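Listed below, chain by chain, are the residues.
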Amino acid sequence: MATNRRGQRDERDGYDAWERRDEPRQRRELWVEEPAARRRLPDPVRAAAVRAVLIASLTLIQATVAFLCTLAGSWLAFPMVLSSVASTVVATWAAADVWVTRQVWKQRHGVVSMPSSTARELRRERRRERRAARVEAREARQAVRIRAEDGTGTPRERRGASSLSRA
């Protein structure tokens, strides 16, 4: 039993790993595609998300510059603080835009199919249908039940636990 270069045992009927070195090796691919764990975001939602990230990063840079200008006592500190506040409002708006764009996309493309009141009514209808199907199945089982006839020609009922003691 031999071990290969990785330290794994090679049990091929005495076929030594050193003898295999002359065989052509299989070529490994450099890039192997793997299926994604999540589906890709729709284009409008992705565009809104990228826009929001860029605005948020610029806001953070602007806030940092405002802080450093304040520490340095520069005349630029006050205008930078004001513009940082405005940028924060714009960044919040951009984040809300991502959320709204996502919801609109879902509604337009059928991900959210119906409001809850409509869904509730459909559930009620399905429940009624299931109950009716159960009643029909119960009646069919009773009709198929094995009926032993007395001498009178009437079907005999099955005896329950309470009628056994009277027999």
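Scroll up for the structure.
These remarks concern the structure in this document. Please read all numbers here as calculations on a predicted model, not as lab measurements.

**Some words on the packing of helix α1 (residues 43-72) against helix α2 (residues 77-108)**
- Between α1 and α2, the shortest axis-to-axis distance is 8 Å and the interhelical angle comes to 165°. Comparing their axes, α2 and α1 come out roughly antiparallel. You can see that α1 and α2 cross each other, and the crossing is left-handed.

**Let's talk about α1**
- In this model, α1 (30 residues) spans 43 Å end to end at C-alpha, consistent with the 44 Å of a helix rising 1.5 Å per residue.
- The complete set of buried residues in α1 reads Val45, Ala48, Ala52, Thr59, Gln62, Ala66 and Cys69.
- Contact partners of the buried residues in α1: α2.
- Positive phi appears at Gly73, one or two residues downstream of α1, with a value of about 75°.

**Notes on the layout of surface pockets**
- In this structure, the second largest pocket spans a volume of roughly 270 Å³.
- Lining the second largest pocket are 10 residues, and of these Arg39, Arg40, Leu41, Pro42 and Arg102 lie nearest its centre.
- Counting residues per element, the lining of the second largest pocket draws most heavily on α2, at three residues.
- For the lining of the second largest pocket, the residue count by class is five nonpolar, no polar and five charged.

**Some remarks on the side chain of Ser84**
- Its place among the elements puts Ser84 in helix α2.
- Assessed through its relative accessible area of 9%, Ser84 is described here as buried.
- Each residue touching Ser84, except ones within four places of it in the same chain, is listed here: Thr59, Gln62, Ala63 and Ala66.

**A closer look at a nonpolar patch on the surface**
- Judged by side-chain polarity, Leu58, Ile61 and Val65 come together as a nonpolar surface patch covering roughly 270 Å² of accessible area.
- Here Ile61 is to be found in helix α1.

**Things to note about the side chain of Thr59**
- You can see Thr59 is positioned in helix α1.
- Of the residues examined, Thr59 reaches a relative accessible area of 10% and is grouped as buried.

**As for a positive patch on the surface**
- There is a patch of like positive charges on the surface, built from Arg120, Arg123, Arg126, Arg127, Arg128, Arg130, Arg131, Arg134, Arg138 and Arg141.
- Tracing the backbone shows Arg138 in helix α3 (residues 116-144).
- A relative accessible area of 43% places Arg138 in the partly exposed class.

Conventions we followed
- Residues numbered from 1 in each chain as written.
- Predicted model: local features only at pLDDT ≥ 70, side-chain atom pairs only at ≥ 80, totals over all residues.
- Heavy atoms only, no water.
- Axes fitted to C-alpha atoms, helices over the stretch in contact; angles between N-to-C directions.
- Helix = DSSP H or I, 4+ residues; strand = E, 2+ residues; numbered from the N terminus.
- Parallel < 35°, antiparallel > 145°, perpendicular 65-115°, else oblique.
- Left-handed = near helix turned anticlockwise from the far one by under 90°.
- Expected span 1.5 Å × (residues − 1).
- Buried < 20%, exposed > 50% of the residue type's maximum accessible area, 1.4 Å probe, protein only.
- Contact = heavy atoms within 4.5 Å.
- 1 Å grid on protein atoms, 1.4 Å probe; cavity = no way out; pocket = protein on both sides within 12 Å on 5 of 7 lines; lining within 4 Å.
- Points joined across faces, edges and corners; volume = space filled by probe spheres on them.
- Nonpolar A, V, L, I, M, F, W, Y, C, P; charged D, E, K, R; others polar.
- Patch = residues over 30% accessible without salt bridge, like charges linked within 9 Å, V, L, I, M, F, W, Y side chains within 5 Å.
- Areas by Shrake-Rupley, 256 points an atom, 1.4 Å probe, with all protein chains shown as cover.
- Salt bridge = Lys/Arg side-chain N within 4 Å of Asp/Glu carboxyl O.
- Lys, Arg positive; Asp, Glu negative; His and termini not counted.
- Charge placed at Lys NZ, Arg CZ, Asp CG, Glu CD.

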